[in-house]
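# Residue-level structure breakdown
Listed here are the chains, written in short residue letters.
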Amino acid sequence: MKQDKAEEKIRQDTEQYDVCACCRHKSTPRDAAKQKKLTSRINRIIGQLSGIQNMLDDNRYCGDILIQIGAVESALQGLGYLILEEHMETCVVEQIRQGNTAIMAEAVELMKKLK
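In this text the structure is predicted, and so the values were computed from the model without any measurement.

### Structural notes on the overall build of the protein
- Counting its secondary structure elements, the protein contains 4 helices and 0 strands.
- A separation of at least 24 residues holds for 66% of the contacts in the protein among residues at least 6 apart in sequence.

### Considering the pattern of salt bridges
- Under the criterion given, the structure shown has 4 salt bridges.
- Glu-86 is the partner of Lys-26 in a salt bridge, and the nearest nitrogen-oxygen pair spans 3.6 Å. One end of the pair, Lys-26, is in the loop between helix H1 (2–16) and helix H2 (32–57); the other, Glu-86, is in helix H3 (residues 62–97), with 60 residues separating them in the sequence.
- For Lys-26, a relative accessible area of 25% puts it in the partly exposed group.
- Put simply, Glu-86 and Arg-30 hold a salt bridge, and the shortest N to O gap is 2.9 Å.

### So, the nonpolar core
- Grouped together as the largest cluster of nonpolar side chains are 7 residues: Leu-38, Ile-45, Ile-52, Met-55, Ile-65, Val-72 and Leu-79.
- Of all the elements in the fold, those that place two or more residues in this core are H2 and H3.
- For this core, the element with the most residues is H2, which contributes 4 residues.
- Those residues in contact with Leu-79, other than ones at most four positions away along the chain, are Leu-38, Arg-41, Ile-42 and Ile-45.

### Notes on H3
- With 36 residues, H3 extends 51 Å from end C-alpha to end C-alpha; this agrees with the ideal 52 Å at 1.5 Å per step.
- Helix geometry: H3 is bent most strongly at His-87, by close to 40 degrees.
- Among the residues making up H3, those that are buried are Ile-65, Val-72, Leu-79, Gly-80, Leu-84, Glu-86, His-87, Thr-90, Cys-91, Val-92, Glu-94 and Gln-95.
- If you follow the buried residues of H3, they end up packed against H2 and helix H4 (103–114).
- In the segment just after H3, Gly-99 is the residue with positive phi, at about 95 degrees.

### A word on the confidence of the model for the protein
- For the protein, the average pLDDT comes to 87, and 80% of its residues sit at 70 or higher.
- Ranking the helices and strands of the protein by mean pLDDT puts H2 first, with 97, and H1 last, with 56.

### Observations regarding the packing of H2 against H3
- Taken N-terminus to C-terminus, the directions of H2 and H3 make an angle of 165 degrees; their axes are 10 Å apart at the nearest point. As judged from the angle between their axes, H2 and H3 are roughly antiparallel. Crossing geometry of H2 relative to H3 is assigned as left-handed.
- Across the contact of H2 with H3, the residue classes break down as 16 nonpolar, 3 polar and 5 charged.

Rules behind the numbers
Residues numbered from 1 in each chain as written. Predicted model: local features only at pLDDT ≥ 70, side-chain atom pairs only at ≥ 80, totals over all residues. Heavy atoms only, no water. Helix = DSSP H or I, 4+ residues; strand = E, 2+ residues; numbered from the N terminus. Contact = heavy atoms within 4.5 Å. Salt bridge = Lys/Arg side-chain N within 4 Å of Asp/Glu carboxyl O. Buried < 20%, exposed > 50% of the residue type's maximum accessible area, 1.4 Å probe, protein only. Core = buried A, V, L, I, M, F, W, Y, C linked by side-chain atoms within 4.5 Å. Expected span 1.5 Å × (residues − 1). Bend = angle between axes of the 7 residues up to and from the residue. pLDDT = per-residue confidence, 0-100. Axes fitted to C-alpha atoms, helices over the stretch in contact; angles between N-to-C directions. Parallel < 35°, antiparallel > 145°, perpendicular 65-115°, else oblique. Left-handed = near helix turned anticlockwise from the far one by under 90°. Nonpolar A, V, L, I, M, F, W, Y, C, P; charged D, E, K, R; others polar.

Have a look at this one:
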């Protein structure tokens, strides 16, 4: 019920600020260094996933595969925290300055989803 209210508030806010939730873009673009860092992390995660696929194809020991899955989960979570930090420092701050204090509800929901 609480999540439904938060999602409804986000929907109303996106309508109010004339953006759709599926195609929003950052107002402030990421700088080249930050973009490179994020892209590098994504590429490493893709490499780890390819490695897991190779392990499965090679019929490797389940425990070894599970360890690699844990490493990918950790890497994804680290990436998520970087994106969350950037979101709070840019998108959330910008929206609050524009008077959209309801952005905090969205930020809290995003934190819950990130775990």
